[in-house]
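Observations on the three-dimensional arrangement
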Amino acid sequence: QDPTSPTDTDKMIQQTAQLSAIEQNENMQKTLTAIQTAFTNTNQTNAVAMIGAAVKDGTDTVTVSAGNSVTIEGYIPETAQSLTISIKNSEGSVVRTETTTANTAAGVVNYAWDAKDDKGTGVANGTYTVSLSYKDSSGVTKRFDKVNTVQSVVFDSGIAKLKTKNNTYIAL
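Since this is a predicted model, take the numbers as computed values, not measurements. (Residues numbered from 1 in each chain as written. Predicted model: local features only at pLDDT ≥ 70, side-chain atom pairs only at ≥ 80, totals over all residues. Heavy atoms only, no water.)

1. Some points on the layout of surface pockets
Roughly 250 Å³ of volume is contained in the largest pocket. Forming the boundary of the largest pocket are 13 residues, of which V62, T63, V70, T71 and N166 lie nearest the centre. At the level of elements, β2 (61–64), β3 (70–76) and β9 (145–156) are the ones that each hand at least two residues to the lining of the largest pocket. Here the residues of the lining of the largest pocket sort into three nonpolar, seven polar and three charged. (1 Å grid on protein atoms, 1.4 Å probe; cavity = no way out; pocket = protein on both sides within 12 Å on 5 of 7 lines; lining within 4 Å. Points joined across faces, edges and corners; volume = space filled by probe spheres on them. Helix = DSSP H or I, 4+ residues; strand = E, 2+ residues; numbered from the N terminus. Nonpolar A, V, L, I, M, F, W, Y, C, P; charged D, E, K, R; others polar.)

Put into structure tokens, the structure is as follows:
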């Protein structure tokens, strides 16, 4: 205020409004910070809750290394009359096809591939494409997704990443 005019009500109202706006901005910033913290905590809790769950990792490949066997996991949404797993090399040629005829309950199914082709010969190290299908109770063939089991959660710069059994990371 102007000391020569201490009762200038217009300026006093203007200054009071400015102070009020500053206080509202400070309160809004505190509220947004609290919401961000709550959101981060919720995401972290949800990520940790996924440990042990089967998740899609967006790939349909497996890697053979040093002739070691590979576990292929898939998720079928309903009971299946049969399952077929087809594995192709990098040229697109089928190297192994396995079909089971036993009824399989809905859920995660595991197939341990011994890294051998249909003739029993070990395949070369490399990346192989997996196709998974099943026949439903009506005999209709349907595709199902390859999944991976979450083993742990890593937080990198505040971003939760799910570490799967085959050592891939999936950012949430």
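2. Focus: a nonpolar patch on the surface
Residues M28, L32 and I35 make up a contiguous nonpolar surface patch of roughly 300 Å² in combined accessible area. Along the chain, L32 falls in helix α1 (residues 9–49). Taking the relative accessible area as the measure of exposure, L32 reaches 46% and is therefore partly exposed. (Patch = residues over 30% accessible without salt bridge, like charges linked within 9 Å, V, L, I, M, F, W, Y side chains within 5 Å. Areas by Shrake-Rupley, 256 points an atom, 1.4 Å probe, with all protein chains shown as cover. Salt bridge = Lys/Arg side-chain N within 4 Å of Asp/Glu carboxyl O. Buried < 20%, exposed > 50% of the residue type's maximum accessible area, 1.4 Å probe, protein only.)

3. Section: the pattern of salt bridges
One pass over the full model with this rule turns up nine salt bridges. Among the ionic pairs, E73 bridges to K165, the shortest N-O distance being 3.4 Å. With E73 in strand β3 and K165 in the loop between β10 (159–164) and β11 (169–171), this pair connects stretches of sequence that are 92 residues apart. Among the salt bridges present, the one from K142 reaches E78, with a minimum N-O distance of 3.0 Å. With K142 in strand β8 (residues 141–143) and E78 in the loop between β3 and β4 (82–88), the pair connects residues that are 64 residues apart, well separated along the chain. We classify K142 as partly exposed; its relative accessible area is 32%. Here the salt bridges share partners, and the residues they tie into one network are R96, E98, D114 and D118.

4. Regarding the nonpolar core
Formed by 20 residues in total, the largest nonpolar core has its most connected members in I72, I87, W113 and Y128. Every element with two or more residues in this core is listed here: β2, β3, β4, β6 (107–113) and β7 (126–135). For this core, the leading source of residues is β7, giving four residues. Aside from chain neighbours lying at most four places away, what touches Y128 is D60, T61, V62, V64, I87, K88, N89, V95, W113 and V123. Within the second largest apolar cluster, seven residues are counted, among which are V150, A160, L162 and I170. (Core = buried A, V, L, I, M, F, W, Y, C linked by side-chain atoms within 4.5 Å. Contact = heavy atoms within 4.5 Å.)

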